[in-house]
Amino acid sequence: MRRATGVVGEVLLTLGVLLLLFAAWQLGWTDVVSNRESARVVEELRGGFAGRTDAGASSADAGVRLADGAFALVLVPRFGAEWVQPVFEGTGLPVLAKGVGHYVGSAEPGQVGNFAVAGHRTTHGRPFHDIDALRLGDRVVVQTVEAVYVYAVTGHEVVDPAAVRVIAPVPDEPGATPTEAVLTMTSCDPPFRATQRYVVHARLAETLPAGRVDEALSTSPAGG
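These figures come from a predicted structure and were not determined experimentally.

Q: Explain the sheet that holds strand E2 (residues 84-89) to me, using residue names and the numbers behind them.
A: Ordered by their spatial adjacency, 8 strands build a closed barrel running E1-E2-E3-E4-E7-E8-E6-E5, and the pairing between neighbours is mixed. The mean angle between the axes of side-by-side strands here comes to 30°, regardless of whether they run parallel or antiparallel. Of the pairings in the sheet, the one linking strand E5 (residues 139-143) to strand E6 (residues 147-159) comprises 5 bridges and is antiparallel in character. When the bridges of E6 are listed, Val141 appears paired with Val150.

Following this line, the structure appears as structure tokens:
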């Protein structure tokens, strides 16, 4: 009996160590890997934007889209002066492990409709870790090769994971026809449990010519 108890204890101890190692990998190493990849994509996109702007890209241009689907940058002053994330097409787990994901079928940046994106709040670089810190009027800047779009936060809500109405063309009004350009950011809530979704809504406040990101970050558009 003592031998059997000792074996069970060793097995449980080993499992505990493995779980701790897995947790450390999830909470730490995935951030390192994702942040490194995100920084690489940010620099590649910036280079692509600069090159196409110099060449005279227009709104009719196909734009810059990397092989992995990255096509825009999002900058949020509230998250810090150096905070910038690439936006990839799609919201599957492999995509969100790299950065912010664009809901397929939602509007493109600056277009009338709902430009809807998602991002992790924990692990994999946790780009939306501070999503609940956003306040009314805060800027969310989206940079593409065509233009720089400045959105102003208009509100937030916490919903069930199945509440896809928040990413409808008119948020929370499925079937309604959009008349303005809006942005919706979604992430898990609460952190580490993810039983619900934290949602931030914003409205397009200003459109600036391509390359004028610094101006977008230094101005304060009127919030809703």
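Right, picking up where we left off after that structure.
Q: How would you summarise the environment of Arg36 if you had to cite specific residues and measurements?
A: Inspection of the secondary structure puts Arg36 in helix H1 (residues 2-54). Accessibility expressed as a relative area gives 53% for Arg36, which makes it exposed. It is 8.9 Å that separates the C-alpha atoms of Arg36 and Gly125, two residues lying 89 residues apart in sequence.

Q: Run through the pattern of salt bridges, naming residues and quoting values.
A: Evaluated as defined, the whole model comprises 11 salt bridges. One salt bridge in this structure joins Glu43 and Arg46, with 3.4 Å as the shortest N-O distance. On the criterion of helical spacing, the pair formed by Glu43 and Arg46 is a turn pair, its members being 3 residues apart in helix H1. Judged by its relative accessible area of 35%, Arg46 falls in the partly exposed class. Two residues, Asp138 and Arg78, come together in a salt bridge whose shortest N-O distance is 2.7 Å. Residue Asp138 is located in the loop between strand E4 (113-118) and E5, and its partner Arg78 is located in the loop between strand E1 (70-75) and E2; the two are separated by 60 residues in the primary sequence. Using a relative accessible area of 45% as the deciding quantity, one classes Arg78 as partly exposed. Three or more residues joined by partner-sharing salt bridges are found here, namely Glu37, Arg40, Glu44 and Asp68.

Q: Give a description of the pairing of E6 that names residues and reports values.
A: For a regular strand, side-chain orientation follows a simple rule: the groups alternate between the two sheet faces. Taken across its 13 residues, E6 has 10 buried, putting it largely inside the fold. Between E5 and E6, which follow one another and run antiparallel, lie 3 residues. With 12 bridges connecting them, E6 and strand E8 (residues 196-209) associate as antiparallel partners. Across the sheet, the residue bridging to His156 is Val200, located in E8.

Q: So what about the pairing of E5? Which residues, and what values?
A: The buried fraction of E5 is high, at 5 of 5 residues. Here E5 shows two buried faces, one formed by Arg139, Val141 and Gln143 and the other by Val140 and Val142. In the sheet, E1 pairs with E5 via 3 bridges, with the strands oriented antiparallel. Residue pairing across strands places Leu73 opposite Gln143, the latter belonging to E5.

Q: Give a detailed account of unusual backbone geometry, specifying residues and quantitative values.
A: Of note, the amide linkage connecting Asp189 to Pro190 takes the cis form, showing an omega dihedral of -10°. With respect to the helices, strands and loops of the structure, Pro190 is situated in the loop between strand E7 (181-189) and E8. Positive phi outside glycine occurs at Asp172, with the angle close to 70°. Inspection of the secondary structure assignment puts Asp172 in the loop between E6 and E7.

Calculation notes
- Residues numbered from 1 in each chain as written.
- Predicted model: local features only at pLDDT ≥ 70, side-chain atom pairs only at ≥ 80, totals over all residues.
- Heavy atoms only, no water.
- Pairing = 2+ DSSP bridges.
- Helix = DSSP H or I, 4+ residues; strand = E, 2+ residues; numbered from the N terminus.
- Axes fitted to C-alpha atoms, helices over the stretch in contact; angles between N-to-C directions.
- Buried < 20%, exposed > 50% of the residue type's maximum accessible area, 1.4 Å probe, protein only.
- Salt bridge = Lys/Arg side-chain N within 4 Å of Asp/Glu carboxyl O.

Scope: geometric values only; no functional claims are made or implied.
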